Each structure stands twice: as structure tokens, then as C-alpha cells.
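Below, each chain spelled out in residue letters.
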Amino acid sequence: MIHTKRNFVFDFDSTLTRVEALDVLAEITLVNNPKKDEIINEIIEITNLGIDGKISFTESLERRIKLLNAKKSDLTLLIEELKEKVSPSIERNKEFFENFSEDIYVISCGFKEFIDDIVKDYNIPSERVYANTFVFDENDVIVGFDAENVLSAHNGKIQCLKDLNLDGEIQVIGDGYSDYVTKEAGVADKFFAYTENVEREKTIENADHIAPNLDEFLFVNKLPRNISYPKNRIKILLLENVHPDAFQKLSGDGFTVETVSTSLSEDDLIEKLKGVHVLGIRSKTQVTKKVLESANKLMVVGAFCIGTKQIDLEACKENGIVVFNAPYSNTRSVVELAIGEIIMLMRSVFQRSTELHNGQWNKTAQGSKEVRGKKLGIVGYGNIGKQLSILAESLGMDVYYYDVEDRLALGNATKIDKLEDLLRISDVITLHIDDNPANKNFIGKEELNQMKDGAHLVNLSRGFVIDIKALKEALQSGKLAGAAVDVYPQEPRANGDYHTELRGLSNVILTPHVGGSTEEAQKDIADFVPSKIMGYINSGNTVDAVNFPNIRLPRQINAHRFLHIHKNVPGVMAKINQVLAEFELNITGQYLSTDAKVGYVITDINKEYNKKVIKALKEVEGTIKFRVLY
């Protein structure tokens with residue numbers, strides 16, 4: 001097989017580095033100039049006009065140098081600054097430049113006086129750097145540039161490449177007009193629009209490929225790279241108006257992220273998930289078995305909430321899809337609403353407020369009570385129940401709780417062994433139970449009748465745990481003095497019209513599932529869940545996964561990592577290790593965790609190995625998913 005020689009021609013400014021060097025030089029030379037900001041903005045504007053081809057490069061260069069007022073001594077500081085501003089993906093793929101240096105050229109409309117010092121650290125010698133040179137006066141002030149240099153002229157890169165007359169394929173990688181015209185002029189075979197630092201519409205429109213980073217460029221060219229799969233190729237779909245911080249965090253890590261403000265129907269979700277690797281939802285989107293079996297690229301589902309009832313967890317597990325949620329992030333928000341509603345119910349605040357809105361003044365103490373000294377019954381003593389217990393006790397309430405599991409009491413709370421006993425003694429009952437289907441109508445007619453006459457009921461857990469019809473009868477009959485309901489048996493996919501049987505009852509506080517919907521909670525969730533998603537995608541960590549064996553992995557250092565998800569049946573691990581042995585791999589670490597249905601084994605190996613092992617591991621009977629990380 002004949003391999004065509006490839007030549008890789010890199011731009012410097014905003015490609016190899018994150019910045020335009022002359023803009024940085026302006027920051028240095030104008031530091032004490034009272035018109036610094038004004039001049040720098042003018043320099044940036046001139047730079048962009050030249051990059052976009054709206055003025056000739058020669059004019060752009062002349063105008064900027066006049067504004068700089070720079071000296072030769074300023075270049076030393078500029079070089080120090082630029083060494084700190086190398087593009088992240090260039091820096092992490094330094095090995096590529098070192099190993100392919102004979103095929104790499106830098107052709108820039110910048111200046112050799114600073115470019116040489118930056119690229120020599122990447123094994124690119126001065127003789128393969130083509131750039132302008134400064135002209136200095138007798139006082140070492142920069143007064144111009146070598147006008148005889150072809151790169152000082154408009155479309156100088158075209159002429160430079162013609163003069164070089166390189167053998168083989170020529171690929172140009174850059175961010176501006178002067179880069180993409182090389183392809184138009186026929187002196188380059190391929191043009192990659194490099195967008196890691198800046199996106200220029202005109203440049204992107206004329207590109208053969210868009211490279212958000214060097215990883216993508218290396219992947220397309222099947223060249224060695226620092227990471228196994230470019231993050232920009234990993235697609236993430238966030239539904240239901242997830243907090244924008246999640247988008248910022250995930251896209252900031254290099255992933256391609258799309259957001260949709262609403263939930264989607266099953267058919268729409270199936271269509272939308274084509275090619276998607278990560279799905280982020282809140283509580284309304286139903287992730288069914290049918291959806292999961294159609295999403296052949298899906299690796300992770302992130303629930304930006306506490307509950308996971310909307311996700312078929314077993315189907316996720318069977319398809320090797322890891323699920324993360326946010327069990328703690330909105331706990332405080334739910335607890336604060338519970339406390340607020342308990343107080344408002346006991347003080348009949350909503351009735352008085354409604355009367356005033358209707359133009360009626362009714363100052364009365366009847367039905368208005370302090371919470372101090374009252375008995376609070378908490379059903380479900382988990383994260384929320386415990387925190388509520390502490391805050392309620394600080395208000396002077398006597399706290400009692402019931403839980404199907406044996407949970408240690410906090411503070412002076414008292415555990416009650418039977419639900420009916422808790423219902424009989426409590427002035428307020430608040431529900432904080434999980435989404436187990438067995439909890440449907442957990443509080444029904446019988447339980448409501450067991451409650452203390454004139455008691456109040458608060459539900460901030462799951463809508464189906466209360467028999468709404470029975471609750472309405474208890475409220476209308478006066479058995480209960482009031483209720484606060486935030487969750488409902490059926491909830492709409494989007495904001496709009498909604499009907500509940502409890503509507504119109506003056507002693508009921510109705511809220512549209514906003515228990516965890518505070519700015520603080522959503523911000524915390526938008527930090528927690530993406531961190532878990534990135535931990536799994538980037539390193540294989542499954543700590544805090546809802547449906548998967550939990551493994552906390554050590555940092556991956558100078559190794560390739562094999563992630564193998566398989567059915568937990570006898571003999572699978574033996575077959576995996578047999579394959580590893582047959583290919584004589586140097587294993588530096590192996591980690592395994594299983595549950596009743598799946599096994600998750602991670603093997604770290606030396607970077608040098610026979611790539612055929614990957615195919616062999618994928619073919620091990622019982623394999624669900626396999627991927628390589630490096």
C-alpha cells in the first residue's frame with residue numbers, strides 16, 4: 001500500500017496559541033498609556049478586518065505597528081506571555097509535534113522574532129517557520145516590517161506555499177481568511193478551520209473540515225493523539241430547561257451540547273437521540289425501554305433531579321447505560337418549602353391572603369396557631385426528612401418520624417415503629433418517601449381517617465403516594481384543617497393549563513412541583529450531575545451511579561484504559577483475562593465491580609499493545625459495551 005506524504009501547515013495566532021500576539025504585545029507596551037483601552041480596541045478591530053479579508057494584510061500590519069510603539073526589549077516579555085497561552089489541545093498533543101516534526105510547517109503572518117521561541121518547544125525548527133520580521137530603528141523601536149517578505153503582502157501565504165513547492169498532500173490548519181484562501185488558490189489540498197479559540201463565519205463556510213481542537217484534526221487524519229476520541233464528537237442532549245450552568249460546564253469540557261427547553265414524547269425522543277451519547281433530563285421526560293433500545297450510541301442518562309422513576313433503570317443497565325441523579329443538591333430547597341408551608345398552613349395564611357385579594361378584611365386568630373410545641377410527623381427519614389427534622393426542631397416543634405428502614409434519629413427526634421401511631425399523634429404530617437411503585441396511595445382513605453382531627457398534610461415527595469379523591473373528601477369534611485401539595489399523580493410535560501381535583505379549596509396550598517426549583521438548587525444540580533457525567537465519560541468512574549456497580553478509579557497515568565461492561569454470568573471474567581493474556585498485555589491495574597445483572601471491569605494497560613485485542617474483547621460472549629480511554 002502506497003502512503004502519500006502529508007505536510008501539515010499550521011497558522012500561529014489563534015491556532016497554535018489562544019491569542020493574537022500583537023494584541024498581547026499592545027497590552028505590554030501600552031500598560032501606562034491613559035488611552036490604552038481605546039488603542040487596544042482599535043488594534044483588535046484592525047486585526048479582525050485583516051483576518052476577515054476586509055482590508056489588505058499589508059494595511060492591517062502597517063496600522064497596527066504604528067499604534068504599538070513597541071521596542072525589541074518588549075518581545076522578551078511577549079514570548080513569556082505567549083508560552084502561557086498555547087492552545088490547550090495543542091499543548092496536550094505535544095507528542096504529535098515531536099514525532100511528526102519533519103512534516104510540520106508554521107506559516108504565519110506574525111513575526112519570527114517571537115514565533116521561533118514558542119514553537120521550538122514543540123520540536124519545530126526555525127527553518128520550518130515562515131513568518132514576517134520586524135524592522136527596528138537605532139533605538140531598537142519597532143518601526144516596520146520587511147516589505148520584501150512575501151508574507152507581508154496580501155495573500156502572502158499563497159505565494160509562500162508556491163515557493164516551498166512541497167511534495168505530497170498539503171493540509172492547512174488555521175482560523176482566518178489568509179488560511180482558507182490557500183485551498184481556493186489550489187496550493188493546499190485540504191483546509192481545516194480551527195475553532196478552539198475563535199470562530200469566524202467566513203472561515204468555517206469555506207472549510208473542508210471544522211476542527212474545534214487538535215484532537216479532531218488528528219482523529220480525522222488517523223494520527224496518534226493524546227485522547228482516544230475527540231470530545232467534540234461526543235453529543236449531549238439536555239432537555240426540560242436544565243440550568244444553563246450545565247451547558248457551560250459540559251461544553252467547556254469540549255463536548256457538543258444541544259439544549260431543548262421542553263420534554264419530548266417517546267417518538268420524538270427516539271428520533272432526537274440518534275447519534276447522542278449523553279441524555280440529560282428532569283422529571284417529565286420518560287426514558288422507556290423502547291427509547292433505550294433505539295439509542296445505540298447512548299452511554300449515560302443524567303437526571304437533573306432526585307427521582308429516577310421516569311427512567312427504566314433496568315433497561316438502562318441491560319444496555320450498558322449508566323444513570324446518575326442529584327440526590328442531595330435540592331434537599332435544602334425542598335426542606336425550606338416544607339417549613340414555609342407548615343407555618344402558612346398552621347397560621348391560615350392563604351385563606352387570609354385570598355380574602356384580602358377579594359377585598360375582604362378579616363383579622364382573626366381563629367384557626368391560626370404557632371408551630372412551637374406542635375408535633376411534626378415525618379414519613380420518610382432520608383436526606384430530606386432528616387434535614388427537615390433538624391430545622392423543625394429549631395423552631396420548637398416536637399419531631400417524630402416513621403421509616404421502613406432502621407434510621408438513626410437526629411437531635412431529639414423520636415422514632416415511631418408504626419405508621420398509624422405516627423398519624424394519630426401528629427399535628428402535621430409531611431411526606432418524603434421514594435418513587436417505589438409499591439408506595440402508590442400510601443396515604444389513602446384509611447390513613448387519612450387515622451390522622452388527628454384538624455391536622456395538616458404536606459406532600460413534597462411523589463404525586464401518586466396520596467389518594468387525591470380521599471384527600472379532597474377529608475379536607476371538605478373538616479377531618480383535615482389543610483394541606484399543601486406540590487406533586488400530582490399526572491403532571492404535564494410543559495407549562496400551561498392544568499386541572500386538579502384540589503383546585504378551589506381554600507385550605508389547600510397548591511404549587512406546580514417546585515419543591516426543588518430554586519435558583520440555588522438548580523445551580524447545584526447543574527454542577528453535580530455534569531461532574532458525574534464527565535467523570536464517567538472521561539475516566540470511567542461510576543461513583544454515585546443509580547443503576548450500576550460503583551467504582552472509584554485512580555487517575556489514569558501514561559496508560560490506556562479498557563472499559564468492559566458485561567452480563568454477570570459465570571466465566572466472563574475468565575474469558576476477558578484469557579484474551580488479555582493471549583495478547584501478552586502489560587497490565588498496570590485492574591478494577592472490577594458487579595451486581596446481580598452486570599459486571600464492570602476496568603483494565604489499565606501499557607500504551608504499547610496489539611490493537612487486535614480490542615476486537616477480541618468486544619467479541620467476548622456476554623459483552624454489553626466496550627470502549628477504550630486514553
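The coordinates are above.
One structure accompanies this document, and this report is about it.

Thresholds applied
- Residues numbered from 1 in each chain as written.
- Predicted model: local features only at pLDDT ≥ 70, side-chain atom pairs only at ≥ 80, totals over all residues.
- Heavy atoms only, no water.
- Helix = DSSP H or I, 4+ residues; strand = E, 2+ residues; numbered from the N terminus.
- Rg over C-alpha atoms; globule rule 2.2 N^0.38 Å.
- Buried < 20%, exposed > 50% of the residue type's maximum accessible area, 1.4 Å probe, protein only.
- Polar contact = N/O pair within 3.5 Å; in protein donor to acceptor, adjacent residues only side chain to side chain.
- Pairing = 2+ DSSP bridges.
- Axes fitted to C-alpha atoms, helices over the stretch in contact; angles between N-to-C directions.
- Parallel < 35°, antiparallel > 145°, perpendicular 65-115°, else oblique.
- Left-handed = near helix turned anticlockwise from the far one by under 90°.
- Contact = heavy atoms within 4.5 Å.
- Nonpolar A, V, L, I, M, F, W, Y, C, P; charged D, E, K, R; others polar.
- Right-handed = clockwise from strand over helix to strand, strands pointing away.
- Salt bridge = Lys/Arg side-chain N within 4 Å of Asp/Glu carboxyl O.
- Phe/Tyr/Trp six-rings, centres within 6.5 Å; stacked < 30°, edge-to-face > 60°.
- Lys NZ or Arg CZ within 6 Å of the ring centre and 35° of its normal.
- Core = buried A, V, L, I, M, F, W, Y, C linked by side-chain atoms within 4.5 Å.

Considerations on the overall build of the protein chain
On a plain count of helices and strands, the protein chain comes out with 25 helices and 24 strands. The C-alpha radius of gyration computed for the protein chain amounts to 32 Å, which surpasses the reference 25 Å derived for 630 residues by more than 25%, pointing to a less compact arrangement than a globule. Seen through its principal axes, the protein chain has C-alpha atoms that stretch 95 × 70 × 45 Å. Here the protein chain, with 630 residues, has 51% of them falling under the buried criterion.

Comments concerning the environment of Asn610
Mapping Asn610 onto the fold places it in the loop between strand E23 (598-605) and helix H25 (612-618). Along the chain, Asn610 and Glu584 lie 26 residues apart, while their C-alpha atoms are 8.8 Å from each other. At 2.9 Å, the side chain of Asn610 and the backbone nitrogen of Lys612 are in polar contact.

Examining the sheet that holds strand E7 (residues 190-194)
Read across the open sheet, the six strands follow the order E3-E2-E1-E6-E7-E8; overall the sheet is parallel. The sheet is open, and its two borders are formed by strand E3 (129-132) and strand E8 (209-211), each paired with just one other strand. Across the sheet, the axes of successive neighbouring strands diverge by a mean angle of 20 degrees, strand direction being ignored. When strand E1 (residues 6-10) meets strand E2 (residues 104-111), the two strands line up parallel, connected through three bridges. Looking across to E2, one finds that Phe10 is bridged to Val106.

Structural notes on the packing of helix H3 (residues 36-51) against helix H4 (residues 57-68)
The N-to-C vectors of H3 and H4 enclose an angle of 165 degrees; their axes lie 9 Å apart at closest approach. As summarised for this structure, H3 and H4 are arranged roughly antiparallel, according to the angle between their axes. Crossing handedness for the pair H3 and H4: left-handed. Here Ile39, Glu42, Ile43, Ile46, Thr47 and Gly50 of H3 come into contact with H4, specifically with Ser60, Arg63, Arg64, Leu67 and Leu68. Partitioning the contact of H3 with H4 into residue classes produces five nonpolar, three polar and three charged.

Some remarks on the pairing of E7
Within E7, four of the five residues are buried, which leaves it mostly tucked inside the rest of the structure. In this sheet, E7 lies alongside strand E6 (residues 169-174) in parallel orientation, the contact comprising four bridges. Bridge pairing in E7 places Ile173 opposite Phe192. A crossover connection joins E6 to the parallel E7 through helix H10 (residues 177-184); in handedness this β-α-β unit is right-handed. Here E7 pairs with E8 via three bridges, running parallel. Each residue of the ladder has a partner; that of Tyr194, found in E8, is Ala211.

Some remarks on the pattern of salt bridges
Applying the stated rule across the entire model yields 41 salt bridges. For Asp403, the salt bridge is made with Arg407, and the minimal N-O distance between the two is 3.0 Å. Assessed through its relative accessible area of 26%, Arg407 is described here as partly exposed. Between Glu420 and Arg424 there is a salt bridge; the shortest N-O distance is 3.2 Å.

A few points about the side chain of His432
If you trace the backbone, His432 turns up in the loop between strand E17 (428-431) and helix H21 (445-450). Using a relative accessible area of 11% as the deciding quantity, one classes His432 as buried. A polar contact is formed between the side chain of His432 and the side chain of Thr430, at a distance of 2.7 Å. Beyond its immediate stretch of four places on either side in the chain, His432 contacts Val334, Ile378, Val379, Gly380, Ile384, Leu388, Leu460 and Ser461.

Quick look at the packing of aromatic side chains
For any pair of aromatic rings, geometry is given as the distance between the ring centres together with the angle between the planes. Inspection of the entire model under this criterion finds 22 aromatic pairs. Between Tyr180 and Phe191, the ring centres sit 6.4 Å apart and the planes meet at 50 degrees, which makes this aromatic pair tilted. Highlighted residues: Tyr180 in helix H10 and Phe191 in strand E7, separated in sequence by eleven residues. You can call Phe191 buried: its relative accessible area is 0%. Taking the centre distance of 6.4 Å and the plane angle of 50 degrees together, the rings of Tyr536 and Tyr600 count as tilted. Of the two residues, Tyr536 is situated in helix H23 (residues 519-539) and Tyr600 in strand E23; the sequence distance between them amounts to 64 residues. For the pair formed by Tyr536 and Tyr600, the shared burial category is buried. Aromatic ring contacts, followed pair by pair, group Phe8, Phe10, Phe96, Phe97, Phe100, Tyr122, Phe192 and Phe217 into a single cluster. The ring centre of Tyr122 lies 5.1 Å from the NZ or CZ of Lys94, which sits over that ring. Here Arg627 stacks its cationic end above the ring of Tyr536, 4.7 Å away from the centre of that ring.

Overview of the nonpolar core
In this structure, Phe10, Phe96, Phe97, Phe114 and Phe217 are the most contacted members of the largest nonpolar core, which totals 51 residues. In contact with Phe217, other than residues within four places in its own chain, are Phe8, Phe10, Phe96, Gln171, Ile173, Phe192 and Ala211. Counting 32 residues, the second largest nonpolar core, distinct from the first, contains Ile234, Ile236, Val242 and Ile602.

What to know about the sheet that holds strand E15 (residues 398-402)
As summarised here, the arrangement of the seven strands in space is E16-E15-E14-E17-E18-E19-E20, forming an open sheet in which the pairing is parallel. Either end of the sheet is taken by a strand with one partner, and the two such strands are strand E16 (414-415) and strand E20 (508-510). As paired elements, strand E14 (residues 375-379) and E15 share five bridges and run parallel to each other. When the sheet's bridge partners are listed, Lys375 is paired in E15 with Asp398.

What to know about unusual backbone geometry
We note that Ser14 has phi near 65 degrees; this positive angle belongs to a residue other than glycine. With respect to the helices and strands, Ser14 occurs in helix H1 (residues 12-16). Residue Asn558 is not a glycine yet carries a positive backbone phi of 50 degrees. Tracing the backbone through its elements, the reader meets Asn558 in the loop between H23 and strand E21 (560-567).

Quick look at the side chain of Asp403
Along the chain, Asp403 falls in the loop between E15 and E16. Those residues within four positions of Asp403 in sequence are excluded, and the remaining contacts are Gly380, Tyr381 and Gly382.

Looking at H10
One turn of the α-helix equals 3.6 residues, which is why residues spaced by three or four share an orientation. Of all the positions in H10, only Tyr177, Asp179, Tyr180, Val181 and Thr182 are classed as buried. Considering only its buried residues, H10 is in contact with H3, helix H9 (156-164), E6, E7 and helix H11 (201-205). Phi turns positive one or two residues past the end of H10, at Gly186, with a value near 85 degrees.

Without other data, these values stay purely geometric and don't point to any function.
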